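Descriptive analysis of the structure
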Amino acid sequence: MEKQKRVLAVHDISCVGRCSLTVALPIISAAGAECSILPTSVLSTHTGGFTDFTFRDLTAEIAPITRHWEALNLKVDFIYTGYLGSFEQLELMKKLFDDFRAKDTLICVDPVMGDNGSLYDLFDETFARGMAKLCAKADLIMPNLTEAAFMTGLPYEEKNYSEDYVLSILDALHGLGAGKVVLSGISFDETKLGAVASDKTKGEINYLMNERIPGYFHGTGDVFGSALVGALSNDKTLREATRIAVDYTVACIRRTAKAGTEVRYGVCFEKELPYYIDLLK
């Protein structure tokens, strides 16, 4: 019987609003991997569209937790980081990578910092440069176009950009150090939206597109990233995993739009998990 892969997901916990660990844990588990977690903070809700949310920083817990794991000689096949809220957490992740990276461990960084051309309120360009240094230690990075622009110092273009512009962003992202890059939020016309997967080690660049559904839907980046990592844990190629993540995320958005669900609570990813499992087959 094939050995079950272990994914360590390092994200915050938003108790209400489907994102971060409440998305990563079920999606990666549905992919058949063991999903271990390292919570970076606990919030009553996520921060998009909600006010007066509670926040508890768990930075002080990270080192004691990982020391215990080292004492257990814990082995992980994937480390998957998402939202990191401080420079201290960036440094702790660098140490985590060094301490738990084995020959076959895949380090995956989703540099969650912004969208639609702007950084989130808590971040600035100095933090973006710090995140770029963390990405230098990763095997795979998964930024959106906004995050990519801030990390590389290249201009952000919202629409009507060329393939040459996307290739220049990819080249700069590889220049940070990661051999594999999946750049999300890519669109060359009003009807299609998707991602581009670039594997420098193989010299492959693939555009994986699907239907663009009008509107802004919270949490889709975490759904996409988790589905991508889950597919990789099933030994899919980067192109195959990106195709699966794009198609699954669009299915979740489509279901949410049809149901008229209030978008600040995230997309209805749960009902589409059977579809995700079928895609993995």
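Details of the structure are given in the entry above.
The paragraphs below set out a description of the structure included in this document. (Residues numbered from 1 in each chain as written. Predicted model: local features only at pLDDT ≥ 70, side-chain atom pairs only at ≥ 80, totals over all residues. Heavy atoms only, no water.)

Next up on the list: the overall build of the chain. On a plain count of helices and strands, the chain comes out with 9 helices and 11 strands. At 17 Å, the chain has a C-alpha radius of gyration in line with the 19 Å of a compact globule built from 281 residues. With the principal axes as the frame, the chain shows a C-alpha extent of 50 × 45 × 40 Å. Expressed as a percentage of its 281 residues, the buried residues of the chain come to 51%. Partitioning the intrachain contacts of the chain with sequence separation of at least 6 by distance along the chain shows that 67% fall at a separation of at least 24. Roughly 13,000 Å² of accessible area belongs to the chain as shown, and the carbon and sulfur atoms make up 51% of that amount. Each charge sign in the chain was given a centre, from 29 positive and 38 negative side chains, and these centres are 5 Å apart. (Helix = DSSP H or I, 4+ residues; strand = E, 2+ residues; numbered from the N terminus. Rg over C-alpha atoms; globule rule 2.2 N^0.38 Å. Buried < 20%, exposed > 50% of the residue type's maximum accessible area, 1.4 Å probe, protein only. Contact = heavy atoms within 4.5 Å. Areas by Shrake-Rupley, 256 points an atom, 1.4 Å probe, with all protein chains shown as cover. Lys, Arg positive; Asp, Glu negative; His and termini not counted. Charge placed at Lys NZ, Arg CZ, Asp CG, Glu CD.)

Moving on to the packing of helix 1 (residues 20-30) against helix 7 (residues 220-232). Where helix 1 meets helix 7, the axes come as close as 9 Å, and the angle between the chain directions of the two elements is 30 degrees. Classed by the angle they form, the pair helix 1 and helix 7 counts as roughly parallel. Crossing angle aside, the handedness with which helix 1 passes helix 7 is right-handed. Residue-level inspection shows Ser20, Val23, Ala24, Ile27 and Ile28 of helix 1 in contact with helix 7, the latter providing Asp222, Val223, Ser226 and Ala227. Its residues placed into classes, the contact of helix 1 with helix 7 shows 6 nonpolar, 2 polar and 1 charged. (Axes fitted to C-alpha atoms, helices over the stretch in contact; angles between N-to-C directions. Parallel < 35°, antiparallel > 145°, perpendicular 65-115°, else oblique. Left-handed = near helix turned anticlockwise from the far one by under 90°. Nonpolar A, V, L, I, M, F, W, Y, C, P; charged D, E, K, R; others polar.)

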